[in-house]
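Okay, here's what each chain looks like letter by letter:
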Amino acid sequence: MTATTPLIEARNLVRRYRTGATDVAALRGVSLTIMPGEFVAIVGASGSGKSTMLHLLGAVDAPDSGQVLLEGRDISQLSDADATRLRLLRIGLVFQRFYLMPTLSALENVELPMAEAGASTTVRRERAKSLLSFVGLGERTDHRPSQLSGGEQQRVAVARALANKPALLLADEPTGELDAATGAALIALLQQLNRDGLTCVLVTHDAALARSAQRVVTMRDGQIVSDERVAEPVA
Amino acid sequence: MILLRFAPALVALLAVGFPVATHAQTDTVIGTPTAPLVPGRAAPAVRGIAIDERIADDHGVVVGDTLRLAAEAGTRGELVRVDAIVRRAADPSEVARSEYRVRLHLDQLQRLTGSEDRVDRFAVALRDSGESVDSALARINHVAFGFRAHASRDVAVESSRTFQVVDRFHRAIGGITIVASAVFLLCILLLKVEERRRAIAALRLAGLSRRTVALSVIAEAAVISVVGSVIGAGLGWVVTLAVNAHYQRLFRTPLTFAVLTPGITLFAVTLSLLLGIVAGALAAWRLVRTPPLVLLGR
């Protein structure tokens, strides 16, 4: 893949949901291209389709029509097993809620995806420690989620998403359950990851928060209504 | 030649106040006889008898005490000396029989009851002569007109039929308990797994395969089942101690009422493990077939 090849590309995506007897179009022919190393924020009101877009980009859901190309490969109609494997190795996902395993320590939570990928115990333990240190939790590796604050749990979730060195990090309202200061610290962490070369996509309803990214894509009623560069992303 | 002799020292059993004389179990002599009961010896002025442990406990009688023994209240009876105290055998048919018993010489029994030449039942033991029980039975039944001899094993089988029914009843209760436990375990596991829908969805979104998630759920269910069954077996063991202590005291018998053997424990743990695996597999199957976004409620 060259620098001019998109890391991920959405082509004319359509996604409908059935609510009772009503068909709701969440995405109405959306196209989006994200280059390697970009930090893109997708912003919009509730129901604008931004989360649906993220799910399709992350191979969590499949479009009714259209294509999603990751590193040139169509991932829009993968089998469950292939989509799961793709998420394991190439895509990191972070959600508003942290979804950590309550019975596992922070270290073990980060180790989980690496264990699934077949990494040896030594390798995954070292990498998990390294990742937790990177997100500022080097001293709390043995703590269980219930012993961590919300911001710390979200950092563990970010470390878990980075476990298998993904090409793309997708974050869906990652600051939604955090206070302003903790949320800002998390965004700073995402910016740091982006500066280190990781492509990041942030979904948020907060327009101010979206200004942290280099590029802001605004959605409304299942369509992209603007796509603009941020001259000076908020640090 | 077949040698027959009456049961030790021609001892018959008398339920005090009730002319019952039957016994087929091996009781335990727990007192120390000062004068052994000898067959055929001339009756001394005060003869020795063996008494039930219950009499000794209830009335503070010890070996060596002299008692006056009568078949009916108000009659003179005769003086006897307690030579032995007998503890009843662990016989289910003895449970709830609260009467006192004494063992005395046959002629004493006849005098006391005024029933000369009357014997309802008596036991015959074979010497080690090689004679089979069946052969001895046939000979006795042939020559002893008016009597009917039975092998002790047949008597035991006949008298235990009630307990065989009780045993089957217990097995039926056990079976129902197992089925109810299985349903309960399944429901609990399904509920516990349902509580983790979001966590399992997160695992699936993080790239953990259906197989990994299902195996982890099944493994957890198996561990919970085994730990639960071991704890249950421990509690069951404590309960058997309490049940036995209570009923042994209530019925004054050494009979064991509740038993928890290693075999039963192993069966329970194994069955629990299997049920846990099945319940875990069902719960896991439901979850991993559900798309992660649906598990997240989206």
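Up top is the structure these notes are about.
Every residue gets a number counted from 1 within its own chain, in the order that chain's sequence is written. As they are written, the chains are lettered A onward and the ligands numbered 1 onward, keeping that order. Given that the model is predicted, a residue must reach a pLDDT of at least 70 before its local features are reported, and side-chain atom pairs must reach 80 or more before they are shown or counted; all residues, however, enter totals for whole chains, interfaces and linings. As a rule here, side-chain values cover all heavy atoms of the structure and leave hydrogens and water aside.

S.K.: Break down the side chain of glutamine 153 of chain A for me, with residues and values.
M.R.: Residue and element names in this part refer to chain A. Within the element layout of this structure, glutamine 153 appears in helix H5 (residues 150-161). Pairs of N or O atoms are called polar contacts if they sit within 3.5 Å, as long as, within protein, a hydrogen donor faces a hydrogen acceptor (for residues adjacent in sequence, only side-chain-to-side-chain pairs). Of the polar contacts made by the side chain of glutamine 153, one reaches the backbone oxygen of leucine 148; its length is 3.2 Å. The contacts of glutamine 153, once residues within four sequence positions are left out, are Phe98, Leu100, Pro145 and Leu148. Numbering goes from the N terminus for both helices and strands, where a helix is a DSSP run of H or I of at least four residues and a strand is a run of E of at least two. Throughout, a residue-residue contact means that at least one pair of heavy atoms, one from each residue, lies within 4.5 Å.

S.K.: Can you tell me about unusual backbone geometry, naming the residues and giving the values?
M.R.: Residues and elements named next belong to chain A. Residues other than glycine seldom take positive phi values, yet alanine 59 does so here, at roughly 60°. Summarising the element assignment, alanine 59 is placed in the loop between helix H1 (50-57) and strand S4 (65-70). The phi angle at aspartate 221 is positive, at roughly 50°, despite the residue not being glycine.

S.K.: Can you break down the pairing of strand S10 (residues 223-229) of chain A residue by residue, with the values?
M.R.: Put simply, side chains in a regular strand alternate between the two faces of the sheet. All names here are of chain A. As defined by bridge partners, strand S9 (residues 215-220) adjoins S10 across six bridges and the pair is classed as antiparallel. Opposite arginine 220, over in S10, you have glutamine 223 as the bridge partner. Counted between consecutive antiparallel strands, the loop separating S9 from S10 contains two residues, among which aspartate 221 sits at a positive phi close to 50°. Any two strands with at least two DSSP bridges between them are considered paired.

S.K.: Break down helix H8 (residues 262-288) of chain B for me, with residues and values.
M.R.: Residue and element names in this part refer to chain B. An ideal rise of 1.5 Å per residue puts 39 Å on 27 residues; H8 measures up with 38 Å between its terminal C-alpha atoms. For the exposure calls, accessible area comes from a 1.4 Å probe over protein chains only, and a residue counts as buried if that area is under 20% of its type's maximum, exposed if over 50%, partly exposed in between. Listed as buried for H8 are Val269, Ser272, Gly276, Ala279, Gly280, Ala283, Ala284, Leu287 and Val288. On its buried face, H8 sits against helix H5 (161-195), helix H6 (197-205), helix H7 (210-251) and helix H9 (292-295). Between the first and last residue of a helix there are one fewer steps than residues, each counted as 1.5 Å, and that sum is the expected span.

S.K.: With reference to specific residues and values, describe the packing of aromatic side chains.
M.R.: Residue and element names in this part refer to chain B. Stacked, tilted and edge-to-face are the three classes assigned to paired rings of Phe, Tyr and Trp, where Trp is represented by its six-membered ring and a pair needs centres within 6.5 Å; plane angles under 30 degrees give stacked, over 60 edge-to-face, the rest tilted. Under the defined criterion, the tally for this structure stands at four aromatic pairs over all chains. Ring geometry for tyrosine 247 and phenylalanine 251: centres 5.9 Å apart, planes at 10°, overall stacked. Of the two residues, tyrosine 247 and phenylalanine 251 both sit in helix H7, four residues apart, roughly one turn of that helix. Its relative accessible area of 23% is what places phenylalanine 251 among the partly exposed residues. Ring geometry for phenylalanine 251 versus phenylalanine 257: centroids 5.9 Å apart, planes at 25°, classification stacked. Judged by its relative accessible area of 29%, phenylalanine 257 is partly exposed. Here the aromatic residues Tyr247, Phe251 and Phe257 are joined through ring pairs into a cluster of three or more.

S.K.: Quick one: what's the story with the interface of chain A and chain B, residue by residue and with numbers?
M.R.: With 17 residues of chain A at the interface, the matching set in chain B holds 15 residues. Here chain A and chain B share an interface that buries about 1,700 Å² over both sides, 61% of which is from carbon and sulfur atoms. Salt bridge, as used here, is a side-chain nitrogen of Lys or Arg placed within 4 Å of a carboxyl oxygen of Asp or Glu. There are two salt bridges connecting chain A and chain B. Here aspartate 80 of chain A ties to arginine 210 of chain B by a salt bridge, and the two come within 3.3 Å at their closest N and O atoms. If you look at where chain A meets chain B, you find eight residue pairs in polar contact (both at pLDDT 80 or more). Per-element accounting of the side of chain A that touches chain B gives the leading share, four residues, to helix H2 (residues 80-90) of chain A. As used here, buried area is the combined drop in accessible area, with a 1.4 Å probe, of two parts when they are placed together.

S.K.: Please give an account of the sheet that holds strand S3 (residues 39-44) of chain A that cites residues and values.
M.R.: Residue and element names in this part refer to chain A. Strand order in the open sheet made by the six strands is S6-S7-S8-S3-S9-S10, with mixed pairing throughout. For this open sheet the edge positions go to strand S6 (91-94) and S10, each flanked by a neighbour on one side alone. Strand-to-strand twist across the sheet, computed as the mean angle between neighbouring axes with direction ignored, equals 15°. The pairing of S3 with S9 spans five bridges and is classified as parallel. Bridge pairing in S9 places glycine 44 opposite methionine 219. Running at roughly 85° to S6, H2 makes contact with S6 and strand S7 (168-172) of the sheet. Whenever a helix is involved, its axis is fitted only over the stretch in contact; in every case the axis is a line through C-alpha atoms, and angles between N-to-C directions fall within 0 to 180 degrees.

S.K.: Which residues make up the side chain of serine 272 of chain B, and what values go with them?
M.R.: Residue and element names in this part refer to chain B. Mapped onto the fold, serine 272 is located in helix H8. From its side chain, serine 272 meets the backbone oxygen of serine 225 in a polar contact 2.9 Å long. When sequence neighbours within four positions are dropped, the list of residues in contact with serine 272 reads Leu185, Ser225, Val226 and Ser229.

S.K.: Tell me about the sheet that holds strand S1 (residues 8-19) of chain A, and please be specific about residues and values.
M.R.: All names here are of chain A. On the basis of which strands lie adjacent, the open sheet formed by four strands has the order S2-S1-S4-S5 and antiparallel pairing. The sheet is open, and its two edges are formed by strand S2 (22-34) and strand S5 (73-74), each paired on a single side. Docked against the sheet, H1 engages S1, S2 and S4, running at close to 120° with respect to S1.

S.K.: Before we move on, could you go through the nonpolar core and cite the residues and values that matter?
M.R.: Joining through side-chain atoms within 4.5 Å is the link that ties buried Ala, Val, Leu, Ile, Met, Phe, Trp, Tyr and Cys residues into a set, and such a set is a nonpolar core. Membership of the largest hydrophobic core comes to 52 residues, with the highest contact counts inside it found for Ile42, Met53, Leu70 and Leu170 of chain A. It is H6 of chain B that provides the largest number of residues to this core, a total of six residues. Non-local contacts of leucine 170 of chain A, meaning those with residues more than four positions away in its chain, are made with Leu54, Leu57, Gly58, Ile91, Gly92, Leu93, Val94 and Val201 of chain A. Judged by nonpolar contacts, the second largest core, of 39 residues, contains Val43, Ala106, Ala163 and Leu202 of chain A.

Just geometry here; none of it tells us what the structure is for.
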